Amino acid sequence: IGVRVIKVKQQHVVNRDFSKLIDQAIHMEGFKKTVEPARYHTVGFNHRAVLPLASQVIESVQKGQLSRIFVIGGCDGSELERSYYTDLAEETPQDSIILTLGCAKNRIIHSSKLQGATLSNGIPRVMDMGQCNDAYSAVVVALELAKALNCSVNDLPLSMALSHLEQKAAAVLLTLLHLGVENIRLGPHLPAYITPNILKILQEKYNLMPTGESEKDLKLMMQGS
């Protein structure tokens, strides 16, 4: 990759000066071929981009053009059970919106069934809100929509299916619980720190539940549970 041609006192970086590395990278020809042709996706749907559309989203709900908003995302991994999130996203109705984030978003934004999909008013059905660190944007969007509709987050036509793997996902989950968000589906396996006693409390107070079969879960989500 060209690093070996850089000689700076026998070090590649001195005093956190990356300029020579950056310059070398810019002048490299790159990979001569890729496994498949390049594919491009529209990204950057953080709260600053989505909130200006709030009035259109609210109007879509009121006119019956938008049946539900799904937040599907989180960590990704190699377990076969993680196909749940792809299946769920692809099974959502055509008059719904999917807010996705984290590594698991790649299962959704690369879905041939969802690429280019829009509501009847042109709003994209899939909005990539960024990585796990950008979960804040999804929270802001939910809070602002609730404020605009003069209701709580739990009264919104909103369902969440989160994929758990590591510490950042735990922080996101704790934030949602702090905000009182209910009916969160968490999977593909419950994290080890959710013991049977803790799960019982979370189910009683927040109706938190493990993911199940995507088709059955979707039917319950569309019913508001």
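What counts and what doesn't
- Residues numbered from 1 in each chain as written.
- Predicted model: local features only at pLDDT ≥ 70, side-chain atom pairs only at ≥ 80, totals over all residues.
- Heavy atoms only, no water.
- Helix = DSSP H or I, 4+ residues; strand = E, 2+ residues; numbered from the N terminus.
- Buried < 20%, exposed > 50% of the residue type's maximum accessible area, 1.4 Å probe, protein only.
- Contact = heavy atoms within 4.5 Å.
- Areas by Shrake-Rupley, 256 points an atom, 1.4 Å probe, with all protein chains shown as cover.
- Lys, Arg positive; Asp, Glu negative; His and termini not counted.
- Charge placed at Lys NZ, Arg CZ, Asp CG, Glu CD.
- Salt bridge = Lys/Arg side-chain N within 4 Å of Asp/Glu carboxyl O.
- Axes fitted to C-alpha atoms, helices over the stretch in contact; angles between N-to-C directions.
- Parallel < 35°, antiparallel > 145°, perpendicular 65-115°, else oblique.
- Left-handed = near helix turned anticlockwise from the far one by under 90°.
- Nonpolar A, V, L, I, M, F, W, Y, C, P; charged D, E, K, R; others polar.
- Polar contact = N/O pair within 3.5 Å; in protein donor to acceptor, adjacent residues only side chain to side chain.
- Pairing = 2+ DSSP bridges.

A. Seen up close, the overall build of the protein. A tally of helices and strands in the protein yields nine helices and six strands. Structurally, the protein occupies a C-alpha span of about 65 × 45 × 35 Å along its principal axes. Out of the 225 residues belonging to the protein, those deemed buried represent 40%. Nonlocal contacts in the protein, meaning residues at least 24 apart in sequence, comprise 72% of its contacts between residues at least 6 apart. Entry remark: accessible area of the protein is about 13400 Å², with carbon and sulfur atoms responsible for 54%. Both charge centroids of the protein, one from 23 positive and one from 22 negative side chains, sit 7 Å from each other.

B. Region of interest: the pattern of salt bridges. Tallied over the full model, the rule gives six salt bridges. One salt bridge in this structure joins Glu90 and Lys113, with 3.9 Å as the shortest N-O distance. Pair noted here: Glu90 is in helix H4 (residues 83-91) and Lys113 is in the loop between helix H5 (105-109) and strand E3 (126-128), with a separation of 23 residues, a long-range link. Between Lys147 and Glu144 there is a salt bridge, with the nearest N and O atoms lying 3.4 Å from each other. Of this pair, Lys147 and Glu144 both sit in helix H6 (residues 135-148), separated by three residues, roughly a single helical turn.

C. Looking closely at the packing of H4 against helix H9 (residues 214-222). Across the interface, H4 lies against H9 with an axial gap of 9 Å and an inter-helix angle of 50 degrees. By the criterion of interaxial angle, the relationship of H4 to H9 is oblique. For the crossing formed where H4 meets H9, the hand is right-handed. Across from Tyr84, Asp87, Leu88 and Glu91 in H4, the residues of H9 making contact are Ser214, Glu215, Asp217, Leu218 and Met221. Looking at the contact of H4 with H9 residue by residue, the classes come out as four nonpolar, one polar and four charged.

D. Broad picture of the side chain of Thr92. Tracing the backbone shows Thr92 in the loop between H4 and strand E2 (96-100). A distance of 2.8 Å separates polar atoms of two side chains, one belonging to Thr92 and the other to Arg125. Residue contacts for Thr92: discarding those within four places in its chain leaves Phe70, Ile98, Arg125 and Leu218.

E. Geometry of the environment of Phe45. Within the secondary structure, Phe45 is located in the loop between helix H1 (19-27) and helix H2 (47-50). The exposure class of Phe45 is buried, given its relative accessible area of 13%. Sequence separation between Phe45 and Met160 is 115 residues, and the spatial gap between their C-alpha atoms is 17 Å. In this structure, Phe45 is in contact with Val50, Pro124, Val126, Met127, Asp128 and Met129, ignoring residues within four places of it in sequence.

F. Representation of the sheet that holds strand E5 (residues 184-187) within the structure. Spatial ordering of the open sheet is given by E3-E2-E1-E4-E5-E6, a layout of six strands whose pairing is parallel. A single partner strand is all that each edge strand has here, and the edge strands are E3 and strand E6 (209-210). As judged from the three bridges shared by E2 and E3, these two strands associate in the parallel manner. Considered in E3, the bridge of Ile98 is made with Val126.

G. Region of the structure containing unusual backbone geometry. Here the amide bond leading from Gly187 into Pro188 is cis, since omega sits at 0 degrees, within 30 degrees of zero. Of note, Pro188 is situated in the loop between E5 and helix H8 (196-206). In this structure, Arg16 takes a positive phi of about 60 degrees despite not being glycine. With respect to the helices, strands and loops of the structure, Arg16 is situated in the segment before H1. Even without glycine at this site, Asn183 takes up a positive phi of about 60 degrees. Within the element layout of this structure, Asn183 appears in the loop between helix H7 (167-178) and E5.

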